[in-house]
Amino acid sequence: MPRRIMKNADFEGMVETSDEWIVQRTGIRQRHVAADDETTASLGEAAARAALDSAGMTPADIDLIILATSTPNNTFPATAVEIQNRLGMHHGFAFDMQAVCSGFVYAVATADLYIRGGLAKRVLVIGSETFSRILDWNDRSTCVLFGDGAGALVLEAQDGAITDRGVLAASLRSDGAHKDKLFVDGGPSTTGTVGHLRMEGREVFKHAVGMITDVIEATFGEAGITAQDLDWFVPHQANKRIIDASARKLGIAEEKVVVTVDLHGNTSAASVPLALAVAVADGRIKKGDLVLLEAMGGGFTWGAVLLRW
Ligand code: UT7
């Protein structure tokens, strides 16, 4: 996480808002905001090193890096390549994946397929974002919602017929008909500028729960399980009300839901790996647990991954 923490009260002198409104409507209490020397690459590097330490590996063991981000350091090269270089890794390959808030879920599903296809043995999957750089700090309807951060995990190929470990099922979706409901109003091929995030929050909210629960039910169907079989639900952390409504509709017990939106705000592609990291570090998620990841965001994109930790 970036060093600087911004509390809800810190917005009160900047835009017309209140801690009470933000907590009631979103569940967010604070978010981290990157300093000038903290970037998507530097945060991603730190998360990558932490994941490698926790896996007992070094960069030499990795042959693919997939970075989920919508806030790259530069338009190109891919920030994944910059992280590869920061890790002192000059073998293998690295690329960015852009699916906004669903980026990490897309990246885990993609990493799994590279492993199954024999193109990679150990994949470092990172979600890293600096949304503070693309926020309109005068727009109260968006600037209070997002934060910066990075999380990562390592997926490893294992020999033999392992049928109940790692990624068990995944469902990914997108529908560009909704592209104007959550977007950035700039880009290299249009305005030649970076642009600012724009969102019709109420419209996104209206679609979120239905899309999330549909894709999760598809994933349950593919894996032949029900909500009762889950140990942990690690959803995208955009809004506590969306998380609660989705869990309720799916019949997932409240105590199985990992919530970090209060601490991190919406960190887009970093939100799921950050929530995972918190629940692994505090001992909730243990080896052998059945874990469901889910995300929904700009595009719209949405998806779910079921894995055995
Ligand atoms: O990660 C990608 C996915 N993104 C999401 O999932 C976000 C989805 N959307 C949301 O989470 C919610 O729609 C928001 C949190 C963005 C907004 O909550 P809401 O309950 O849908 O509120 P609203 O947009 O209907 O706005 C209610 C009122 C409006 O005032 P009026 O028109 O009722 O007078 C807004 O202008 O709240 C006002 N408002 C604010 N008031 C104080 C909007 N932002 C703020 C603010 N502080 N920061």
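Here the residue index of a chain counts from 1 through its sequence in written order. Residue-level local features of this predicted model are given only where pLDDT is at least 70; pairs of side-chain atoms are given and counted only at 80 or more, and the full residue set underlies all totals for whole chains, interfaces and linings. Only heavy atoms go into the side-chain values, all of them from the structure, while hydrogens and water stay out.

## Notes on the overall build of the protein
Put simply, the rule is: Segments assigned H or I by DSSP are reported as helices when at least four residues long, segments assigned E as strands when at least two residues long, and all are numbered from the N terminus. Radius of gyration: C-alpha atoms only; globule rule: 2.2 Å multiplied by the number of residues to the exponent 0.38. Residue exposure (1.4 Å probe, protein chains only): buried if accessible area is under 20% of the type maximum, exposed if over 50%, otherwise partly exposed. Working rule for contacts: check all heavy atoms of both residues, and any pair within 4.5 Å makes them a contact. Working definition of accessibility: Shrake-Rupley area with a 1.4 Å probe, residue cover restricted to the visible protein chains.
Check the secondary structure of the protein and you find 9 helices and 12 strands. Whereas a compact globule of 309 residues would reach a radius of gyration of roughly 19 Å, the protein reaches 18 Å, a difference of no more than 12%. The 309 residues of the protein split such that 52% are buried. Here the contacts in the protein between residues at least 6 apart in sequence split such that 73% fall between residues at least 24 apart. By element, 50% of the accessible surface of the protein is carried by carbon and sulfur atoms, the whole surface being about 13,600 Å².

## A look at the domain arrangement of the protein
The following threshold applies: Residue ranges for the domains trace back to a domain assignment, done automatically or taken from a database. The term buried area means the drop in 1.4 Å probe accessible area that two parts suffer when joined, counted for both and summed. Each salt bridge in this description consists of a side-chain nitrogen of Lys or Arg and a carboxyl oxygen of Asp or Glu lying within 4 Å of one another.
Each assigned domain of the protein is listed here: domain 1 (4-156) and domain 2 (166-308). Taken together, the contacts link 42 residues of domain 1 with 43 residues of domain 2. Buried area between domain 1 and domain 2, summed over both chains or domains, comes out near 3,200 Å², and the portion from carbon and sulfur atoms is 66%. The largest per-residue losses of area from domain 1 upon contact with domain 2 belong to Cys101, Val105 and Ile134, which jointly make up 20% of the total buried on that side. One can count 1 salt bridge joining domain 1 with domain 2. Asp136 is the salt-bridge partner of Arg198, the closest N and O atoms lying 3.0 Å from each other. Secondary structure elements with two or more residues in the side of domain 1 that touches domain 2: helix H1 (19-26), strand E2 (30-33), helix H4 (103-116), strand E5 (122-130) and strand E6 (148-156).

## A closer look at the site of the ligand
Applicable threshold: Neighbouring residues are identified by heavy atoms, a residue being near a molecule or strand if any of them is within 4 Å of it. Side-chain atoms alone can form a polar contact between residues adjacent in sequence; in general such a contact is a pair of N or O atoms within 3.5 Å, and within protein one must be able to donate a hydrogen while the other accepts it.
Taken together, 24 residues surround the ligand, and among them Thr17, Arg140, Arg202, Asn239 and Asn266 come closest. For the ligand, an oxygen atom lies 2.9 Å from a polar atom in the side chain of Arg25. Between the ligand and Arg140 there is a distance of 2.9 Å, counted from a nitrogen atom to a backbone nitrogen or oxygen. With the chains in place, 76% of the 950 Å² that the ligand exposes on its own is no longer accessible. Those elements that provide at least two residues to the shell around the ligand are H1, helix H5 (140-143), helix H6 (201-223), helix H7 (240-250) and strand E11 (290-297).

## Examining unusual backbone geometry
Geometrically, the link from Phe76 to Pro77 is a cis peptide bond, its omega value of 0° lying close to zero. Backbone torsion omega between Gly299 and Phe300 reads -5°, so that peptide bond is classified as cis. One can find Phe300 in the loop between E11 and strand E12 (301-308). One non-glycine residue, Val100, lies in the positive phi region at around 50°.

## Some thoughts on the pairing of E6
Note the threshold: In short, DSSP must find at least two bridges between two strands for them to pair.
In terms of burial, E6 is largely enclosed, as 8 of its 9 residues are buried. Sheet topology places E5 next to E6; 9 bridges connect them, and they run antiparallel. Each residue of the ladder has a partner; that of Ile126, found in E6, is Ala152.

## Quick notes on the packing of aromatic side chains
Cut-off, in case you're wondering: Classification of ring pairs rests on two measures: the distance between centres of Phe, Tyr or Trp rings, Trp counted by its six-membered ring, which must be within 6.5 Å, and the angle between planes, read as stacked under 30 degrees, edge-to-face over 60 and tilted in between.
A full pass over the atoms with the stated rule returns 5 aromatic pairs. Look at Phe95 and Tyr114: their rings are 5.8 Å apart centre to centre, the planes differ by 45°, and that puts the pair in the tilted class. In this pair, Phe95 is assigned in strand E4 (residues 93-97) and Tyr114 in helix H4, connecting sequence segments 19 residues apart. Its relative accessible area of 21% is what places Phe95 among the partly exposed residues. Put simply, the rings of Phe93, Phe95 and Tyr114 touch in pairs and so form one group of aromatic residues.

## Some words on the nonpolar core
Keep this limit in mind: In this description, a nonpolar core means a group of buried Ala, Val, Leu, Ile, Met, Phe, Trp, Tyr and Cys residues linked to one another through side-chain atoms lying within 4.5 Å.
With 44 residues, the main nonpolar core has Ile216, Leu230, Ile252, Leu292 and Met296 as its most contacted residues. Mapped by element, the contributors of at least two residues to this core are H6, H7, E11 and E12. A total of 8 residues in this core trace back to one element, the largest contributor, which is H6. Inspection of this core shows a minimum of three residues originating in each of domain 1 (4-156) and domain 2 (166-308). Not counting the four nearest positions on each side in its chain, Ile216 is found in contact with Phe233, Leu250, Leu292, Glu294 and Ala304.

## Looking at a negative patch on the surface
Put simply, the rule reads: Nonpolar side chains (Val, Leu, Ile, Met, Phe, Trp, Tyr) are joined into patches within 5 Å and like charges within 9 Å, using only residues with over 30% relative accessible area and no salt bridge. Here the positive residues are Lys and Arg and the negative ones are Asp and Glu; neither His nor the chain ends is included. Every charge is mapped onto a representative atom, which is NZ of Lys, CZ of Arg, CG of Asp or CD of Glu.
A cluster of like negative charges, contributed by Asp10, Glu12, Asp19 and Glu20, occupies part of the molecular surface. Relative to the elements of secondary structure, Glu12 occurs in the loop between strand E1 (4-7) and H1. Overall, the relative accessible area of 41% leaves Glu12 in the partly exposed class.

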